[in-house]
Amino acid sequence: MDEPGVWIPFSLLLAAGPLALLPPAVSGFSPSLDSDFTITLPAGLKECFYQPMPLKATLEIEYQVLDGAGLDIDFHLASPEGKTIVFEQRKSDGVHSVETEAGDYMFCFDNTFSTISEKVIFFELILDNMGEQEQEQEDWKKYVTGTDMLDMKLEDILESINSIKSRLSKSGHIQTMLRAFEARDRNIQESNFDRVNFWSMVNLGVMVVVSAIQVYMLKSLFEDKRKNRT
Amino acid sequence: MAGVWARRLRAAMWHRALLLALAGFGFQGLYFHIGETEKRCFIEEIPDETMVIGNYRTQLWDKQTETFLPSTPGLGMHVEVKDPDGKVVLSRQYGSEGRFTFTSHTPGDHQICLHSNSTRMTIFAGGKLRVHLDIQVGEHTNNYPEIAAKDKLTELQLRARQLLDQVEQIQKEQNYQRYREERFRMTSESTNQRVLWWSIAQTVILILTGIWQMRHLKSFFEAKKLV
């Protein structure tokens, strides 16, 4: 049992007493510790995101390029002091994990090397060991009504429920990863399809034009000779 | 890869930040900077009948104190959400701090775009706007304290309800995945078929063109009395 981890929340709760009665929507929002985003990055632009971190936490970033010619992007991760931790060029996916200091970490996706193609990038942030912002389980005790009458100890049931919940979260995470991979493969296939159509049409046009030119040129050669004779 | 999943298991256990006690201190989540006319778009690929809730908070750069002000009245953000067919689902203005919600009716890529609506140019004047953003999808949008109060649930019932919602979301996502995979397979098969037919057609056209050329030229030479 993580004693400080349980008691700090309670003391803070007492300090923020009145606020505790407000529904969460009114009192501002607390983002979850895992988040993923899919962004579009137009050609020639660089976009940066910032993540505040406490000391001795773990920040893990995973990114994948889903669409856009070449499927590659430059990635840059900098510490709160501005020191470059990771700098990757023209990569199509990557995973990076850092042990953090306190401050705002900046990570950037750079599409300046591309002149016409817009990239679609999927990235995921996983934050670990966030300190006093964590709680081992949601403290729903104050919202429930009634008690449960059971043969088993409630704690054992809650433990297996927690285990189920974390396994389901893991399934959800795996689904997100699969979705990103599939989206990328699908985009590759759709661009293949368009390319096959386009170049087939071009091929047909070129063949017809070339054969017509050949016939016309041969004919014109002979017509000139005829004129010269007479 | 196994180490990554073990870490994720631990991360999933330390899931929710303290909701209320931290409200007064402001949360610490992902943020980015946006210029005055800039528009930032995020894509959410979701199955149908899925609820999405987005929360954002803006801070304006103050040139005098060289810090970001805690909040800026009068400065709002315009949020526009488009469904996979390009139709606008939500297009609304919100204040400097806001929460937008929409539910998808078709599965696919929904695009969420944010840009600031500052009417007074002097507010920005070369500065930047810091936007904190958090987007929750599907089961994560459920407010369990509210559900417990509304349905008068005991703790076990509430936890069972949460597990059921989680499983339902995973099942919905799997169904959507099956539909996407089918589309993907159809595109691949169509591409393969087109490549095959086009190669055959190209060969036939070349042969026919060759034959026509020879015959045409032969009759041309015969007409001109060269052969």
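Residues numbered from 1 in each chain as written. Chains lettered and ligands numbered in written order. Predicted model: local features only at pLDDT ≥ 70, side-chain atom pairs only at ≥ 80, totals over all residues. Heavy atoms only, no water.

1. What to know about the overall build of chain B
Within chain B, the secondary structure is distributed over four helices and nine strands. Mapped in sequence order, the helices and strands of chain B form the string α-β-β-β-β-β-β-β-β-α-β-α-α. Per-residue burial for chain B yields a buried fraction of 46% across its 227 residues. Taking the intrachain contacts of chain B between residues at least 6 apart in sequence as the baseline, contacts between residues at least 24 apart amount to 71%. When the accessible surface of chain B is split by element, carbon and sulfur atoms take 57% of a total near 12100 Å². (Helix = DSSP H or I, 4+ residues; strand = E, 2+ residues; numbered from the N terminus. Buried < 20%, exposed > 50% of the residue type's maximum accessible area, 1.4 Å probe, protein only. Contact = heavy atoms within 4.5 Å. Areas by Shrake-Rupley, 256 points an atom, 1.4 Å probe, with all protein chains shown as cover.)

2. Thoughts on the UniProt feature "transmembrane region" (unreviewed entry) in chain A
Under the UniProt annotation, "transmembrane region" (unreviewed entry) lies at residues 198–218 of chain A. Secondary structure over residues 198–218 of chain A splits into 100% helix and 0% strand, and the C-alpha atoms at its two ends are 31 Å apart. (UniProt positions renumbered as here; feature names shortened; annotations may be inferred.)

3. Overview of the side chain of S117 of chain A
Residue and element names in this part refer to chain A. Considering the arrangement of structural elements, one finds S117 in the loop between β7 (103–110) and β8 (119–128). At a separation of 2.9 Å, a polar atom in the side chain of S117 contacts the side chain of S114. In contact with S117, not counting residues within four places along its chain, are A43, A69 and N111. (Polar contact = N/O pair within 3.5 Å; in protein donor to acceptor, adjacent residues only side chain to side chain.)

4. Some thoughts on the UniProt feature "transmembrane region" (unreviewed entry) in chain B
The UniProt record annotates "transmembrane region" (unreviewed entry) at residues 195–214 of chain B. In residues 195–214 of chain B, the share of helix is 100% and the share of strand is 0%. The end C-alpha atoms are 29 Å apart.

5. Details of the packing of helix α3 (residues 144–151) of chain B against helix α4 (residues 155–223) of chain B
What describes two packed helices is the angle between their axes and the distance between those same axes. Residue and element names in this part refer to chain B. Taken N-terminus to C-terminus, the directions of α3 and α4 make an angle of 125°; their axes are 10 Å apart at the nearest point. With respect to each other, α3 and α4 are oriented oblique. In this structure, α3 crosses over α4, and the sense of that crossing is right-handed. From α3, Y144, I147, A148 and D151 reach across to α4, where they touch L158, R161, Q162 and D165. In terms of residue class, the contact of α3 with α4 is made up of four nonpolar, one polar and three charged. (Axes fitted to C-alpha atoms, helices over the stretch in contact; angles between N-to-C directions. Parallel < 35°, antiparallel > 145°, perpendicular 65-115°, else oblique. Left-handed = near helix turned anticlockwise from the far one by under 90°. Nonpolar A, V, L, I, M, F, W, Y, C, P; charged D, E, K, R; others polar.)

6. What to know about the packing of aromatic side chains
By the definition in use, this model includes 18 aromatic pairs over all chains. Measuring from ring centre to ring centre gives 5.1 Å for F198 of chain A and W199 of chain A, while their planes differ by 75°; the resulting arrangement is edge-to-face. Assessed through its relative accessible area of 52%, W199 of chain A is described here as exposed. Taken together, the ring pairs in this structure connect F37, F49, Y63, F75, F107, F109 and F123 of chain A together with F32 and F42 of chain B into an aromatic cluster. Positioned over the ring face of F113 of chain A is R90 of chain A, at 4.0 Å from the centre of the ring. One cation-aromatic arrangement involves R180 of chain B over Y176 of chain B; the distance from NZ or CZ to the ring centre is 4.2 Å. (Phe/Tyr/Trp six-rings, centres within 6.5 Å; stacked < 30°, edge-to-face > 60°. Lys NZ or Arg CZ within 6 Å of the ring centre and 35° of its normal.)

7. Here's the deal with the pattern of salt bridges
Here the structure, examined in full by the defined rule, presents 18 salt bridges over all chains. The salt bridge partner of E173 of chain B is R179 of chain A, with a shortest N-O separation of 3.9 Å. Placement of the pair is E173 of chain B in helix α4 and R179 of chain A in helix α3 (residues 154–229), with the two residues belonging to separate chains. Accessibility assignment for this pair places E173 of chain B and R179 of chain A in one class, buried. The shortest N-O distance in the salt bridge between R180 of chain B and E182 of chain A comes to 2.9 Å. (Salt bridge = Lys/Arg side-chain N within 4 Å of Asp/Glu carboxyl O.)

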